[in-house]
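Structural description and commentary
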Amino acid sequence: MNLKIEKSGKDDFIGLKEILNSTGLFPPEMLEEMMRPYFEDADSGEIWFSALLDNEVVGFAYCAPEKFCDGTYNLLAIGIDPEKQGHGIGNKLIKHLEKSLQSAGARLLMVESSGSPDYDLSRRFYQRQNFELVATIADYWQEGEDKVIFTKKI
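Overview of the structure. This one's a predicted model, so the numbers in the text were calculated from it and none came from an experiment. (Residues numbered from 1 in each chain as written. Predicted model: local features only at pLDDT ≥ 70, side-chain atom pairs only at ≥ 80, totals over all residues. Heavy atoms only, no water.)

In this section: the packing of aromatic side chains. For the structure on display, the rule yields eight aromatic pairs. Measuring from ring centre to ring centre gives 4.1 Å for tryptophan 48 and tyrosine 62, while their planes differ by 15°; the resulting arrangement is stacked. You can see tryptophan 48 sitting in strand S2 (residues 47-53) and its partner tyrosine 62 sitting in strand S3 (residues 56-65), a full 14 residues away along the chain. By the burial criterion, tryptophan 48 is buried, and tyrosine 62 matches it. Plain terms: the ring middles of tyrosine 126 and phenylalanine 131 are 5.8 Å apart, the flat faces sit at 70° to each other, and that makes the pair edge-to-face. For tyrosine 126, a relative accessible area of 9% puts it in the buried group. Through successive ring pairs, a cluster of aromatic residues spans Phe125, Tyr126, Phe131 and Phe150. (Phe/Tyr/Trp six-rings, centres within 6.5 Å; stacked < 30°, edge-to-face > 60°. Helix = DSSP H or I, 4+ residues; strand = E, 2+ residues; numbered from the N terminus. Buried < 20%, exposed > 50% of the residue type's maximum accessible area, 1.4 Å probe, protein only.)

Laid out in structure tokens, this is it:
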């Protein structure tokens, strides 16, 4: 497997949109607006990484600094092409992201998820990456769907 992880570029849009279509993380039409600060404001602190397998985008990670915090970042999205899941790509993206954040002086990485059974695999993924479950907020996303918050010191 010839996997390369690098900063996302505008050339990655098509591949990123395909991943969003296949995973349903968020509507692909939101991608350009979401990435605008990353491309247009060097001080935004936003980080986008693309995972490329033989030069094809197969995954991505997106995080941003938490406002009014010192060295805390929020992993807002991580997605892997469903056909490529289970091959360690997500693990490699997290490790790459952590190294990048450490180099930038970050101290804490957090991720928010859903308590819905549909997100069982995601929550287990974060726990395998040594994130610690630190909070659950009942009925946050909607009635009966909790917010689950994980953190990891980096």
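Still more to cover.
Below, the discussion takes up the pairing of strand S6 (residues 132-142). Pairing of S6 with strand S7 (residues 145-153), which is carried by six bridges, proceeds in the antiparallel orientation. From the neighbouring strand, glutamine 142 faces S7, where its bridge partner is glutamate 145. What sits between S6 and S7 in their antiparallel hairpin is a turn of two residues, with glycine 144 showing a positive phi close to 85°. (Pairing = 2+ DSSP bridges.)

Further remarks concern the pairing of S2. Counting buried positions along S2 gives seven out of seven residues, so the element sits mostly inside the fold. Burial along S2 is two-sided: Ile47, Phe49, Ala51 and Leu53 and Trp48, Ser50 and Leu52, pointing in opposite directions, are all buried. Sheet topology note: the strand S1 (residues 3-7)/S2 ladder contains five bridges and is antiparallel. Considered in S2, the bridge of lysine 7 is made with phenylalanine 49.

It is worth spelling out the packing of helix H1 (residues 13-23) against helix H2 (residues 31-40) at this point. Pairs of packed helices are described in terms of their axes, by the angle between the two and the distance that separates them. At a closest axis distance of 11 Å, the pairing of H1 and H2 adopts a crossing angle of 135°. Here H1 is positioned oblique relative to H2, judged by the angle of their axes. When the axes of H1 and H2 are compared, the crossing they make is right-handed. Between H1, through Phe13, Leu16, Lys17 and Leu20, and H2, the contact on the second element is made entirely by Leu31, Glu32, Met35 and Phe39. (Axes fitted to C-alpha atoms, helices over the stretch in contact; angles between N-to-C directions. Parallel < 35°, antiparallel > 145°, perpendicular 65-115°, else oblique. Left-handed = near helix turned anticlockwise from the far one by under 90°. Contact = heavy atoms within 4.5 Å.)

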